[in-house]
Amino acid sequence: MRGLPPLLLALLLALLAAPAGARLLSQALGATAEPFPADRLIGLAVTHAGLSLAGVLPAALLGIGLGIAVTRGAGQGLRPAADALAAAAQAVPPVVVVALAVPAFGFGLWPTAFALLLYGLMPVLRATVAGLESVPPDARAAAIAIGLPPARVLAEVEWPLAWPVVLDGLRVALVLGIATAAVGALAGATTLGTPIVLGLQNQNQVLVVQGAAATAALAFAAEGLLLAVAGRRAAA
Amino acid sequence: MTAAPALAAALAAAALLLPLPWLAIAPNRLLPGEAVTAVSALGWLVLPPCLLFGVAALRRVPPLAAAAAAMAAVLLLLVLTGLAASQRLQDLSPAARAGLGIGLWLALVSGLLLAALRLADATLRDRLLLAFVMLATLAAAAAAGAFDGLSLAVEYRNRAEAVKAALLRHLALAASALILALVVAAPLAWAGFRRPRLAGPVGAAFAGMQVVPGLALFALLIPLLSALLHALPVLREFGLAAIGAAPAVIATAAYLTLPLWRGLSAGLAAADPAAVAAAQAIGMGEARITREVRLPLALPVFAAGLRVALVQAIGLVTLGGLVGAGGLGALVFEGLAQFATDLMLLGAIPIVLLALVADALARMAETRLAVPA
């Protein structure tokens, strides 16, 4: 089971983020600051996960739709633009996109929402195109030869073969989304990045450790869950 | 008209003609400005750039001329906007600023995308020539004072030294991270090549690193490094510190190990077994085979991994600004903390440009390497 190691790592990091764990660590570091209370940390984790999902899921659906469109006859003209955009998004990290979005959207939730949309769209779009292109031409030809209409060729032959690759893209998008939501704290979004930024500003290392461990725990949990889903489907 | 260039041209024209904020006239560098649309800022002069964008999207126009038309439209927009901004600021106090609105950004990005799409099949020489002409014209216009009214130019004039220093610092940090990652990844790739059983766990560890959110890793290194220095004070004498360059370089390098290790492993595996067997047959020793057969065959494959790592290094080092390492990220975060958008852009725009230039240069080097000597 490939999902197990990330899930265990997530559990360990969550224990480190909990006030008891953080207090132990802060004593070892010689820090005296009071840890962030657990209920507020859990509240931030829920907002963080919700924001990431709310940003990445619609973007992922859009990415799948666009990916299908640019691999069909009519949409193929859009393919170069999609490739160029995907390459540009890969070259620029989330923190820069969040910063560039602030002048346009102001401080608060929107710069992060915009960055989440972008980083949700690109990996899924790339994965959908790659997945559909990896379908063996013979399988497609056979489906057409037995008289299936294009929609059913897609639904019954191409999509099931492409799905594992798409799922990989979804996992990358969600993990990237969690990192993006953390960075969004710099532009005024309230997420698990907030204690990190506060801790860095006030030189409170306990806050930094708690925020960082909790953010990483969330990312590993997302990775582990989606790997587990992929593993179950592969076994079925 | 093919779909993609037409879409880009339509976006650029829409940015000009729709009532989006084009300029923002503000009383000073921190307050939000009053939005002015393109049509009211430029008047009928919005039409020539629109026409140029349209021409650039026509399939009948040769690609090179089309790209030149799109670039000319972008330049024209910048100069016209700069002049319009100076005019609007004339009667206001010296602290007043003319910020760039979302409409202008949309028009610039879609205009450049249009040029890039039309150049997709052009030769490298033509592309470099066009880029050079564009940059030279831009520099000439800047020297003539065409952009003096724009807030970004004012901010740059006030901060030119700091921006240049941050740029150099940014490159130095990225280069250090790349070297550190290479020092870690190269021996492990070699070990994995010799003992394939090692490759699995090493790859999994490097891949796991990628899951850790950037902000978390950069921030976490400060307490970790200070704990390490607490336990081993002797490390301080080697210049290691818990804040500053050390956490930034280590964290960035941690993310670069995966592309480098992948490139190195794939490169080492790329040597055709027949070529290795032939080298053995003519009596070459293992060291000579590695030097004269494996490494030359590995180089083109490794170059792709190196390019990905280089581009990622330039982007990732940005977060170093949060842990006291300086670089362009420090300008971005200072701007965010002061709500000064111009300062933020002064840090963010060079990062994007550096990443794109590094990507283009590395791709050029790769095509050179791929051609058999």
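About the criteria used
Along each chain, the written sequence defines residue order, and numbers are assigned to residues from 1. A letter from A marks each chain and a number from 1 marks each ligand, given out in the order of writing. The predicted origin of the model limits local features to residues at a pLDDT of at least 70 and limits the giving and counting of side-chain atom pairs to 80 or more, whereas totals for whole chains, interfaces and linings rest on all residues. Excluding hydrogens and water, the side-chain values take into account all heavy atoms of the structure. The contact criterion used throughout is that any non-hydrogen atoms of two residues lie within 4.5 Å. A quick way to say it: buried area is the sum, across both parts, of accessible area lost when two parts are put together, with a 1.4 Å probe. For this analysis, a salt bridge means a side-chain nitrogen from Lys or Arg found within 4 Å of a carboxyl oxygen belonging to Asp or Glu. Nitrogen and oxygen atoms within 3.5 Å of one another constitute a polar contact, given that in protein one can donate a hydrogen and the other can accept it, and given that sequence-neighbouring residues count only through two side-chain atoms. The helix count covers DSSP runs of H or I at least four residues long, the strand count covers runs of E at least two residues long, and both are numbered beginning at the N terminus. Burial classes: relative accessible area under 20% of the type maximum marks a residue as buried, over 50% as exposed, and values in between as partly exposed (1.4 Å probe, protein chains only).

Student: Hey, could you run me through the interface of chain A and chain B in this one?
Tutor: How big an interface is tends to be expressed through the accessible area that disappears when the partners come together. Listed per partner, the contact involves 37 residues of chain A and 38 residues of chain B. For the pair chain A and chain B, the summed buried area comes to about 3,200 Å², and 88% of that belongs to carbon and sulfur atoms. Considering only the surface of chain A that becomes buried against chain B, Phe107(A), Leu186(A) and Leu200(A) emerge as the three largest contributors, covering 15% of it. Where chain A meets chain B, there are 0 salt bridges. On inspection of chain A and its partner chain B, the count reaches 1 residue pair in polar contact (both at pLDDT 80 or more). Among the secondary structure elements, those contributing two or more residues to the side of chain A that touches chain B are helix H4 (79–91), helix H5 (94–105), helix H8 (150–183), helix H9 (193–202) and helix H10 (205–235) of chain A.

Student: When you look at the pattern of salt bridges in this model, what are you seeing that I'm missing?
Tutor: Close approach of charged atoms allows side chains with opposite charge to pair. All names here are of chain B. Summed over all chains, the structure comprises 17 salt bridges over all chains. Glu-366 serves as the salt-bridge partner of Arg-307, at 2.6 Å between the closest nitrogen and oxygen. With Arg-307 in helix H12 (residues 286–316) and Glu-366 in helix H14 (residues 341–370), this pair connects stretches of sequence that are 59 residues apart. A relative accessible area of 13% places Arg-307 in the buried class. In this structure, Asp-359 and Arg-363 form a salt bridge, with 3.0 Å as the shortest nitrogen-oxygen distance.

Student: What am I meant to see in the side chain of Ser110(B) here?
Tutor: Residue and element names in this part refer to chain B. Relative to the elements of secondary structure, Ser-110 occurs in helix H5 (residues 102–118). Within the structure, the side chain of Ser-110 is placed 2.3 Å from the backbone oxygen of Leu-106, a separation counted as a polar contact. With near-sequence residues (within four places) excluded, Ser-110 lies in contact with Ala-8, Leu-11 and Ala-12.

Student: Please clarify how the environment of Ala70(B) should be interpreted in this entry.
Tutor: Residues and elements named next belong to chain B. Within the secondary structure layout, Ala-70 lies in helix H4 (residues 63–89). You can call Ala-70 buried: its relative accessible area is 0%. For Ala-70 and Leu-113, which are 43 residues apart along the polypeptide, the C-alpha to C-alpha distance reads 9.1 Å. What Ala-70 contacts, discounting residues up to four positions off in sequence, is Phe-53, Ala-56, Gly-111, Leu-114 and Ala-115.

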